[in-house]
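Descriptive structure summary
Spelled out from the first residue to the last, the chains are:
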Amino acid sequence: MATVNKNLSDYNKNTVPNAKDFRFGIVVSEWNDTITEGLFNGAITALLENEVPSHHIIRWNVPGSFELIYGSKKMLQTQNVDAVIAIGCVIQGQTKHFDFVCEGVTQGIKDLNVQTDVPVIFCVLTDDNIQQSIDRSGGIHGNKGTEAAIAAIKMAYIRQQASLSHQIDDQHLLSAGALRIENLPLQIEE
């Protein structure tokens, strides 16, 4: 697996943007809760270590990983967050259910990233067995939740910078006279 030679909890704090003004949503699956709580703990610890105030972190629980899509969508629509972290764990069983859930969650979170302006971070373990999940939720390979929180901070920063760049471009066009918006009175015809 890709994490065998990497500790998911390792990051260089000097490469993490200032996060004190960002707001984060965390949507956590209750299925495989021992694992998802470990992932949540990794995420919240990393956010707090990077100066995100605790009152800027909103947690919602959903029943399972498939419901992360809807929970994340509603978080985006109602909570004015700069990024959402979707936390879940799907472990291979004896049926194809694993494949369908993994594919659905992956595509659903991808769709949210394409359709909205707020990044949704994929923190869903899709492991062959429980030991692999333990190893990646605070075990020997570190914590995927930590990695997801750092990704959320970096993506919130990219979103902020892109917005500022867009505003500067718009201001430049206005000051150069290239774009003029006229303030005309509204006329209502009867």
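Here the structure is shown first, and the text comes after it.
Presented here is an overview of the structure given in this document. (Residues numbered from 1 in each chain as written. Predicted model: local features only at pLDDT ≥ 70, side-chain atom pairs only at ≥ 80, totals over all residues. Heavy atoms only, no water.)

On to the pattern of salt bridges. One pass over the structure, following the stated rule, counts 6 salt bridges. One network of salt bridges, with partners in common, ties together Asp82, Asp117 and Arg159. (Salt bridge = Lys/Arg side-chain N within 4 Å of Asp/Glu carboxyl O.)

As a further point, take the nonpolar core. Grouped together as the largest cluster of nonpolar side chains are 27 residues, with contacts concentrated most on Phe24, Ile26, Leu47, Ile85, Ile87 and Ile153. Elements with a minimum of two residues in this core: strand 1 (24-29), helix 1 (33-49), strand 3 (83-91), strand 4 (120-127) and helix 5 (144-175). Membership of the second largest hydrophobic core comes to 20 residues, among which are Met75, Ala86, Ile109 and Val124. (Core = buried A, V, L, I, M, F, W, Y, C linked by side-chain atoms within 4.5 Å. Buried < 20%, exposed > 50% of the residue type's maximum accessible area, 1.4 Å probe, protein only. Helix = DSSP H or I, 4+ residues; strand = E, 2+ residues; numbered from the N terminus.)

Together, Met155, Tyr157 and Ile158 give the surface a local cluster of nonpolar side chains, amounting to about 260 Å² of exposed area. Structurally, Ile158 can be placed in helix 5. (Patch = residues over 30% accessible without salt bridge, like charges linked within 9 Å, V, L, I, M, F, W, Y side chains within 5 Å. Areas by Shrake-Rupley, 256 points an atom, 1.4 Å probe, with all protein chains shown as cover.)

In this structure, strand 1 lies alongside strand 2 (residues 57-62), joined through 6 bridges in parallel fashion. Following the sheet pairing, Val27 is matched in strand 2 by Trp60. Tracing the backbone out of strand 1, into helix 1 and back to the parallel element strand 2 gives a crossover that is right-handed. (Pairing = 2+ DSSP bridges. Right-handed = clockwise from strand over helix to strand, strands pointing away.)

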